[in-house]
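# Report on the structure
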Amino acid sequence: MLDIKVIREKLDWAKKKLATRGIKPETLDELVEIDQKRRDAMVKSEQLKAKRNEVSKQIAEAKRNKQDASDAISAMREVGAEIKKLDGEIKELADKQNYILLRLPNFPDDSDPIGPDDSYNEEVRKWSEPTKFAFKPKAHWDLGTDLDILDWDRAAKVSAARFVYYKGAGALLERAVFNFFLDENMKAGYTEVLPPYLVNDASMQGTGQFPKFHEDVYTIVDNDDPDKPLDLTLIPTAEVPLVNYFRNEIIHGEKLPINVTALSPAFRSEAGSAGRDTRGLIRMHEFRKVEMVKICKEDESWKELDNLTHQAESLLQKLNLPYHVVALSTGDASFTSAKTYDLEVWMPAQDKYREISSCSNCTDFQARRAQIRYRDENGKLHLAHTLNGSGLAVGRTVAAILENYQNEDGTVTVPDALVPYMHGMTKITKEDSLI
RNA sequence: GGAGAGUUGGCAGAGUGGUAAUGCACCGGACUCGAAAUCCGGCGAACCCAGUUAUCCUGGGCGCGCAGGUUCAAAUCCUGUACUCUCCUCCA
């Protein structure tokens, strides 16, 4: 959530900033107008309340002295009614203000490329070169099916489209990848956490998924009354439970920065992406992801964004997967982010780079929604800054390994870094199906 | 699933309708060569608004898990709700 004071005091600047994210300037005009009305009403209400408090003291005094106070009481009855009316107006205005405020995205950083969509993203660096093959590389979904390590048909039967079974060496590979990621993140100073996978609405609002992105997630309903949603939603990312861990808390400044990492499934309805990436591991309703979250002081988040991005990059480097880093344009970056670097891994069969991690500095945007604060060495309170990044998306990593490490005979070489995690297996070959 | 108890500053803890005690902690001062102890004073519930203004200050409002209600007035009474603890029941 943005700071209404900033919008109020730097209205033209705010309009310009948010215009690059598709927000109409009139929306902000409406917002400050509501804010002005609300504050005007507050001044009136507070003056009356001051009067009421004063007279109430006199009434109490009179009662103690067993004197009659019926005149004062009846006068206050009117004041009370007026206060009630004003407070009703204030609440209405505050609700309106919040409705708008909760739907405004974070201010983009000055360094963000300006543009409405991903075609304005800018490559900031590239690591290694796209893998070359002397033969036509197979898509990972064909490799997976041919090796009998991925089963889409059974998953569609048992669940639905966009679900998958990993089997045998495939299941082992997935497990190797996330264990490798967790170990590497731990070595880099991140504390491992196993969070809950169902969270309440306040948490979803705290990290910015709600109210805007309701249709992208799966919410649990009461079985006895399916029209009634329970206050529980399947997490679309571990970012939600990791950041909300600190919701409504004041953190000791010495504890910052806090670095946490978690493996979790991520559940996404993928509403609106019908027809896109219908095959393969790229776009699933359920996938595993290792997430990294940082909570830091307000003047340290830009340095921490670099640390976070480099940690995610180091994972790809250790797996020897070619990738590049892209700075997202103002129109493509996520709702909560001031700046986002996407890591895109090379996918040979598609002949292009695909997102495998998204590292964002959310500045104080989530902290203001979730009221995450810290106390500095002088005892003063500040909103913390929050950052999140994938480290990394597990299914997409498996897809990238299958495609980049495939051999002409249809087998897949195991990346050196994963061999210990694969119990010494160096190559995935088709075997007689065990199930 | 059933019954009961609870939720008040950083911590402990009083307050059953008249506007949040007290203790510990913290800050300042005195005493002391210095420290501890002691004494004196202060701060502190979190934020919002106004005036003034970048951080200060002054005034006001709000504030006792959360949301409503009753009342001139609510930590206190009423309703709903979340969470914690105890017991019963069930269960991996």
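Cut-off values and rules
- Sequence order as written defines residue numbering, which begins from 1 separately in each chain.
- Both sets of labels track the order of writing: A upward for chains, 1 upward for ligands.
- Note on the predicted model: pLDDT of at least 70 is required for a residue's local features to be given, and 80 or more for side-chain atom pairs to be given and counted; whole-chain, interface and lining totals, by contrast, use all residues.
- Derived side-chain values reflect all non-hydrogen atoms in the structure, with water molecules and hydrogen atoms excluded from consideration.
- UniProt positions are given in the numbering used here, feature names are shortened, and annotations may be inferred rather than shown by experiment.
- Working definition: helices are DSSP H or I runs of at least four residues, strands are E runs of at least two. Numbering for both runs from the N terminus.
- Helix span, as expected, comes to 1.5 Å for every residue beyond the first.
- Contacts are residue-level and defined by heavy atoms, with any inter-residue pair within 4.5 Å sufficient.
- The pairing criterion is simple: DSSP has to find at least two bridges between the two strands.
- Residues are classed as near a molecule or strand on a simple rule: at least one heavy atom within 4 Å of it.
- Whenever a nitrogen or oxygen atom comes within 3.5 Å of another N or O atom, the pair is scored as a polar contact, on the condition that within protein one atom can donate a hydrogen and the other can accept it, and that pairs from neighbouring residues in sequence are kept only if both atoms are in side chains.
- All amino acids are sorted into three groups, where Ala, Val, Leu, Ile, Met, Phe, Trp, Tyr, Cys and Pro are nonpolar, Asp, Glu, Lys and Arg are charged, and the leftover types, Gly among them, are polar.

Labelled according to an unreviewed UniProt entry, chain A appears under the name Serine--tRNA ligase, originating from Lactobacillus corticis. One UniProt comment on chain A, placed under Subcellular location (unreviewed entry), says "Cytoplasm". Of the comments in the UniProt record for chain A, the one headed Subunit (unreviewed entry) reads "Homodimer. The tRNA molecule binds across the dimer."

Compared with the 46 Å implied by 1.5 Å per residue over 32 residues, the 45 Å span of helix α4 (residues 70-101) between its first and last C-alpha is a close match. Contacts made by the buried residues of α4 are with α1 (4-9) and α3 (25-64).

Bridge count between strand β5 (residues 198-199) and strand β7 (residues 225-234): 2 bridges; the pairing is antiparallel. By the bridge assignment for β7, leucine 198 is matched with leucine 234. Taken together, the 3 bridges between strand β6 (residues 219-222) and β7 define a ladder with antiparallel strand orientation. Its bridge partner lying in β7, aspartate 222 is registered against aspartate 225. Linkage of β6 to β7, two consecutive antiparallel strands, is achieved through a turn of 2 residues.

Close to RNA strand B lie 23 residues, the nearest being Arg39, Ser56, Arg77, Lys84 and Arg373. For RNA strand B, the fraction of atoms within 4 Å of the protein that belong to sugar or phosphate moieties is 76%. A distance of 2.7 Å separates a phosphate oxygen of RNA strand B from a polar atom in the side chain of arginine 39. Here lysine 84 contributes a side-chain N or O atom positioned 2.7 Å from a phosphate oxygen of RNA strand B. The set of elements that each furnish at least two residues to the surface near RNA strand B consists of α1, α3 and α4. Counted by class, the surface near RNA strand B contains 8 nonpolar, 2 polar and 13 charged residues.

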